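Summary of structural features
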Amino acid sequence: TFIQNAGQFDSRVRFQVMVGGKIAWLTNEGIVFDAKRAVPGDKGAAASAVDVGAPGDRLSVLSPLDALTRSEPAAKRVERLVFSQDFVGANCCIAVEPKGLRQGSYNYLQDSDPAKWHTNVRAYSEVVYRDVWPGVDFRIYGSGPDLEQEFIVRPGADLKLVKMAYSGTERL
């Protein structure tokens, strides 16, 4: 379920999706992934030890990620992995279009001030980035516990323009 940003997330986020224990933040520039994993071989660390990355990391500034961090069982230390998948050389004004309106809605009551509440926020089954490169759309959707991605290429499009950059993957 891709939840539309109606002001409840950082202004750079268009949609949020939680799948398979990961959060993905869809932005105009690409996708930012936020995942957690147990630190291998570390069985006795404190339950609250969570590595949130270095200050200034692209994702560490996206709130409310910190509010989603929960204590893990005391037997494991957890590290947070934040990495991005960006469109390289993309068009400047990509239309981000939700598809497959889901039933129901979400409410974000993040403050005691009702003026800051975000209610009846809609969710969708997929998101399509239109004309990321001339003649090429990018589609992302859920498939069980995973996210699937595909390029939709129209006849005559130059596939040499399709480039993705990954950053923050050094720790994966």
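Before reading further, recall that the structure is shown in the block above.
Residues numbered from 1 in each chain as written. Predicted model: local features only at pLDDT ≥ 70, side-chain atom pairs only at ≥ 80, totals over all residues. Heavy atoms only, no water.

This structure, assessed with the given rule, holds ten aromatic pairs. Relative to F83, the ring of F33 has its centre 5.1 Å away and its plane inclined at 20 degrees; by these criteria the two rings are stacked. Within this pair, whereas F33 is found in strand 4 (residues 30-38), its partner F83 is found in strand 6 (residues 78-87), the two being separated by 50 residues in sequence. Take F33 and F83: they sit in the same class, and that class is buried. Each member of the aromatic cluster is reached from another via a ring pair, and the members are F87, Y129, W133, F138 and F151. Sitting over the face of the ring of Y141, R139 holds its NZ or CZ atom 3.9 Å from the ring centroid. (Phe/Tyr/Trp six-rings, centres within 6.5 Å; stacked < 30°, edge-to-face > 60°. Helix = DSSP H or I, 4+ residues; strand = E, 2+ residues; numbered from the N terminus. Buried < 20%, exposed > 50% of the residue type's maximum accessible area, 1.4 Å probe, protein only. Lys NZ or Arg CZ within 6 Å of the ring centre and 35° of its normal.)

Let us look at the nonpolar core. Core analysis: the biggest nonpolar cluster contains 20 residues, and L26, V127 and Y129 have the highest contact counts within it. Mapped onto this core, the elements with two or more residues apiece are strand 2 (13-19), strand 3 (22-27), strand 4, strand 6, strand 10 (123-133) and strand 11 (136-143). The greatest single-element share of this core, amounting to five residues, is contributed by strand 10. If we skip the residues at most four places from it in the chain, Y129 touches L26, T27, N28, G30, F87, I94, A95, V96, D137 and F138. Grouped together as the second largest cluster of nonpolar side chains are ten residues, I3, F9, I23 and A123 included. (Core = buried A, V, L, I, M, F, W, Y, C linked by side-chain atoms within 4.5 Å. Contact = heavy atoms within 4.5 Å.)

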